[in-house]
There are 2 protein chains.
Amino acid sequence: MLVIELRRHSQLSLARQLYQILRDQMTAGQLPPGELLPSTRELARQLEVSRNTTYEAYEMLSAEGYIVSRPGSQTRVADGLCLEKPVSAPQSLPQKTESQLNYLADFRTGRPDLRRFPQHLWLQLLRKTSETLSPAHWGYSGPEGLPALREEIAAWLLRSRGLAVDPECIFITAGATQALYLLAGLLAGKNREIIVEDPCHIGMLRVLQSKGFQIRPVPVDQQGMQTAYLQNKGACAVYVTPSHQFPLGGILPASRRAELIRFARDNDLYIIEDDYDSEFRYSGTPVAPLCSMDNERVIYVGTFSKILFPALRVGYVVLPPQLHKPWRHLRTHTDVQNPPFEQAALAEYLRTRKLDKHIQQMRRLYGQRRQTFLQLAEEIFGNIWIPWGDAAGLHLVLEFPGRHFDRDFAKNCRQQGIYVTPVEYHSICKGSHLDKLALGYGHLDSEELRQGLLLLKKPIDNSKLC
Amino acid sequence: MLVIELRRHSQLSLARQLYQILRDQMTAGQLPPGELLPSTRELARQLEVSRNTTYEAYEMLSAEGYIVSRPGSQTRVADGLCLEKPVSAPQSLPQKTESQLNYLADFRTGRPDLRRFPQHLWLQLLRKTSETLSPAHWGYSGPEGLPALREEIAAWLLRSRGLAVDPECIFITAGATQALYLLAGLLAGKNREIIVEDPCHIGMLRVLQSKGFQIRPVPVDQQGMQTAYLQNKGACAVYVTPSHQFPLGGILPASRRAELIRFARDNDLYIIEDDYDSEFRYSGTPVAPLCSMDNERVIYVGTFSKILFPALRVGYVVLPPQLHKPWRHLRTHTDVQNPPFEQAALAEYLRTRKLDKHIQQMRRLYGQRRQTFLQLAEEIFGNIWIPWGDAAGLHLVLEFPGRHFDRDFAKNCRQQGIYVTPVEYHSICKGSHLDKLALGYGHLDSEELRQGLLLLKKPIDNSKLC
C-alpha cells in the first residue's frame, strides 16, 4: 500500500499534491520501475478523495511518461526514472543590497534628487501616451527604439547642445551602462584593448572588464584626460567623459579634444564619449559634445538617469552609419528592445519641452546646493581642502593635502553610517589620488548636507596622514 | 574680417551658431593658432547682433579652451586645434525591420494575439501601482527585481506548476532572451561549449554563439531531445525546452528527464530549462518543470512575453543559491535592472489573479484556433501532411512527406506576402527536417487562418520534391 499524506488546506490542489508525491517516490526509487499502481478508484477510496483527483494525478503522470498503462493491463511505473538524491549546495543567506541600506550621511555620487521629480505629472504622461500606442507596439517593435523618441532626442540634442544628429543614428538603450556594454561587444575586434581615463567610473570599468577588455589607463588632471600620454599599442577604442570627467570633474579643453580626435584618426580608433551629466553645468552653457567635431569616429552616449530618474532605464547612443546593422543584430540577441511605455512618455516629455523646464529648475537647485556644500565645507573643515573640477554635475571631489583615504577609511565611515567614496576607489593605477574624496551632493538638501559634513568631520580628522 | 553668416530663424540661438562657426573655422585651420579675434563689441556691431550674443559665444569658446585671453591683451585662437577633414564613411540607407512589414499571411511563431490583451485594464494597473511606488524605487533598486513581483511569481509557480521556489531565488530579467544571454555569461567557464536541442530556436542559438559558445547539437524527435545521444566533451551546460520543444513541439517524457538529470549530475553541468509557453497546453494541466526534479542543477527560465505581450520585457530566472552573487554582479554591469513600473503592475496582475484568468481565456482561444487550424489544413491541403508535437503552444509543425522546404521556399513565400518558417531554418545539422514547416497560429483568427492557408497552398504545391 502506498504511503501518501495529503494536506487538505494547501494552496496546491489535491491532484497536484498526489502527482508530486508519486513522482518523487518514483524518482527516489521507493516506487521501482515496473511496480504496479492501484487503480484510480482504489486509490481514491484509500485516500478518501474524489475519483477525479486520482484520475487527474494519473493523467499528469501518464502525460509526462512517469507511468505506463497498456490496454488490458494495470498501470505500472515507467522505466529509467530513478535519480540519486542531489548533493545540497551550501545555502547562502540573501545579502542586503546597497540600495536597501540607509545612511546617516549619504554622499553617494550620481544621484539626482528624486523627491523633486514631478512624479505625478510623469505618471499622467505615461498613462496618456501608453493609451495611444498601437497594438503593434505591444509586440516586438524593433531594437532601435520608438521613432518618436529618436526624433525628439535629435531635436533636443540640437537645441540643448547644438549637436545635429539624424534620428536614424540614435539608438535607444536601457541606460548608459547597457550602451557601454553593447558598444564593448560591438567594437571588440581582434584586440580587446581599450584606452580609458584614470581614474574612471569603476562601474563602467567593470563593464569593460566583464567583456574581456584589457584596460590601458591615461592619467587625468584638473582638465580631464592628459592626452599627451596617449599611446596606442593596439586598442580598438578610447572611452572618455570630456564634458565632466568622472570623478575628477574637469572639462576637456579644446586643444586636448583636437589631440584626442587626431589620435583616434591616426590609429583608426573609435572614441566613446560618455556625456552622463553635462546638463548640469552651473556657469555658461552646456559644453559642446566631442561628437560634434567628428561624428564618424565619436560615438556619443547619453542617459536620462541623472536628468530624470535612474529607474527609467532609458539611455541612447549616436552611432555612425556603418555600425547600425551590427548594433541591431547585437541588441536583438541581448535583450531585444526597451519596453515602449517609458519611451513614449519620454518622447512626449521632450516634445512638450517639460524636460527643458525640469532641467532648468534642477540646474538652479543643484547649483545652489553646490554653493551650500562649498560654504559648509569651509565652515566645518576650515581651509584644509581644495575643490577639484568645474562647476558642474551632482558631485564634487575635494582634495585634503597630506591625508590618506583608502578602503579602510571608507569601510570605517560606512560602519558609522557615512557613505563616502575615496577617489582611490575609481583609480586604476592605485596611489595617485589617495588624498581625494568624491562626494555626491545633488540629492541632499542643505540640512542633510550640514548634518552629513558634520558627521564626516571626525573620520577626516582621524584619517591617516601620508 | 571674419566671414560669418547667421540664420535668424534657426532653432539654434545666435550665440550657439556663432560659437559653432568660429569653432569649425578654428578646427579647419581657417582661423589659425594665435590669430587675433575682434572684441565682442566689435564683432556684435559687425554682425548686427546684440553684445550679449557675441559675449556668450566667446564665453563658450573660452570655457572649452578654443580661445585664450590674458589680462591686458587681446583674445587669440588657442594652439593645437587644427583637425583635417574626416573621411566620410559610406552612408547606408535605413532598413525596414521585420516588425515594420505587413504580410498577407503571417505565420510567424511565438506571437500572442495582442488584440485580445486587456490593454485598458493593464494601463489602469500600471498607473495605480506606479503611484504607490516609493521615491526610492525611482532610483536604483537593485538587480534582483521588485520583491513584490518575485513573491508573486513564486506563488504563481506553485499554484500553476506545483513548483515550490524561494522568492529570493527568482531574479527578474528583461525577457527570456536576456535571461539566456546573462546565463551564458554566468556559466562560461574555461569551456565555452553548450549542448542544445537540434532543431533549436535560431534566435536563442545566436545568443549563445554571440557569447562565443561552441554548439553541441543533440537530435530531437516527436518527444523532444533524444537523451540517448547525450555525450559530454567538455560542455558547461545543456539548454532545453522540455515542456514544449521548440520548434518540433514534443513534451519530454519522464524517463528522458531523469536521464538528462543523471547526465548533468555525472558531468557536473547545469541545465537551462526554457519554459517559454507551457501555460498553453490544451489537454491536461501544464507539465511540471524539470526544475522540480533538481533545483540545484536546473536553472528555470520563464517569460511573460507569450502570456501577456512581448513589449512588456519581463522574464525571470530561478537560480540556485551559489549563482546569486555572480548573477547580481553580472546584471549590475550589463544594464543594471528593469524599470520598476511594469514590474509593479505585473505583481498586482498576479496578486489579483488577473493573470490566471487571462491565461485561462487565452488557453481556450488558442486551443480553438489550433483545432480550426488543423481542420482548415485538412480541408485545404488534403491528407498530405502530418502534425508534430503535443497540443500546446502558439505554433504547429506540419510535416509534408516528400516535400522540400528551404531558404528559397521561404524567400519565395515572403515575396508573395506569406511569412512561413521552414524548420530547416532552426536546424543546426542541416537537412534533417527539410519536409517540415513551423506555423504560428496563436495570433490569427479563423478568417485569417483560412486566408493564410489558402495563400500557402500554391507555394506548397509548387515546392520541390525530394
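Undergrad: Break down the interface of chain B and chain A for me, with residues and values.
TA: Counting residues at the interface gives 108 residues for chain B and 107 residues for chain A. Across the interface of chain B and chain A, roughly 8700 Å² is buried in total on both sides, 57% from carbon and sulfur atoms. Per-residue buried area on chain B facing chain A is highest for B:W138, B:Y140 and B:H333; these three make up 9% of the total on that side. At the surface where chain B touches chain A, the tally comes to 0 salt bridges. Viewed at the interface, chain A and chain B are joined by 28 residue pairs in polar contact (both at pLDDT 80 or more). In terms of residue count, helix α4 (residues 119-132) of chain B provides more of the side of chain B that touches chain A than any other element does, 8 residues in total. Here the residues of the side of chain B that touches chain A sort into 45 nonpolar, 35 polar and 28 charged.

Undergrad: I'd love a proper account of unusual backbone geometry, names of residues and values included.
TA: Cis geometry marks the peptide bond from A:F246 to A:P247, where omega comes out at 0°. Looking at the element boundaries, A:P247 is found in the loop between β8 (237-240) and α8 (254-267). We note that B:E48 has phi near 55°; this positive angle belongs to a residue other than glycine. Tracing the backbone through its elements, the reader meets B:E48 in the loop between α2 (40-47) and α3 (51-63).

Undergrad: Lay out the sheet that holds strand β9 (residues 270-275) of chain A with the relevant residues and their values.
TA: Residues and elements named next belong to chain A. Pairing in this open sheet of 8 strands is mixed, and the strands run β4-β11-β10-β9-β8-β5-β6-β7 from one edge to the other. In this open sheet, the two edge strands, each paired with only one partner strand, are β4 (170-173) and β7 (224-225). Judged from the 5 bridges that link them, β9 and strand β10 (residues 298-303) form a sheet pairing that is parallel. When the sheet's bridge partners are listed, I272 is paired in β10 with I299.

Undergrad: Give a description of the pattern of salt bridges that names residues and reports values.
TA: Residue and element names in this part refer to chain A. A full pass over the atoms with the stated rule returns 40 salt bridges over all chains. Taking the shortest distance from any N to any O, the salt bridge between D268 and R297 comes out at 3.2 Å. Linking D268 in the loop between α8 and β9 with R297 in the loop between β9 and β10, this pair joins segments that are 29 residues apart in sequence. Look at R297 and you get buried, because its relative accessible area is 19%. Salt-bridge contacts for D461 lead to K457; the nearest nitrogen and oxygen are separated by 2.9 Å. Taken together, the residues D461 and K457, both in helix α13 (residues 446-461) and 4 residues apart, mark about one turn of the helix. Of the residues examined, D461 reaches a relative accessible area of 37% and is grouped as partly exposed. Salt bridges sharing common partners tie together D113, R115, R369 and E448.

Cut-offs applied
- Residues numbered from 1 in each chain as written.
- Chains lettered and ligands numbered in written order.
- Predicted model: local features only at pLDDT ≥ 70, side-chain atom pairs only at ≥ 80, totals over all residues.
- Heavy atoms only, no water.
- Contact = heavy atoms within 4.5 Å.
- Buried area = accessible area lost by both parts, 1.4 Å probe.
- Salt bridge = Lys/Arg side-chain N within 4 Å of Asp/Glu carboxyl O.
- Polar contact = N/O pair within 3.5 Å; in protein donor to acceptor, adjacent residues only side chain to side chain.
- Helix = DSSP H or I, 4+ residues; strand = E, 2+ residues; numbered from the N terminus.
- Nonpolar A, V, L, I, M, F, W, Y, C, P; charged D, E, K, R; others polar.
- Pairing = 2+ DSSP bridges.
- Buried < 20%, exposed > 50% of the residue type's maximum accessible area, 1.4 Å probe, protein only.

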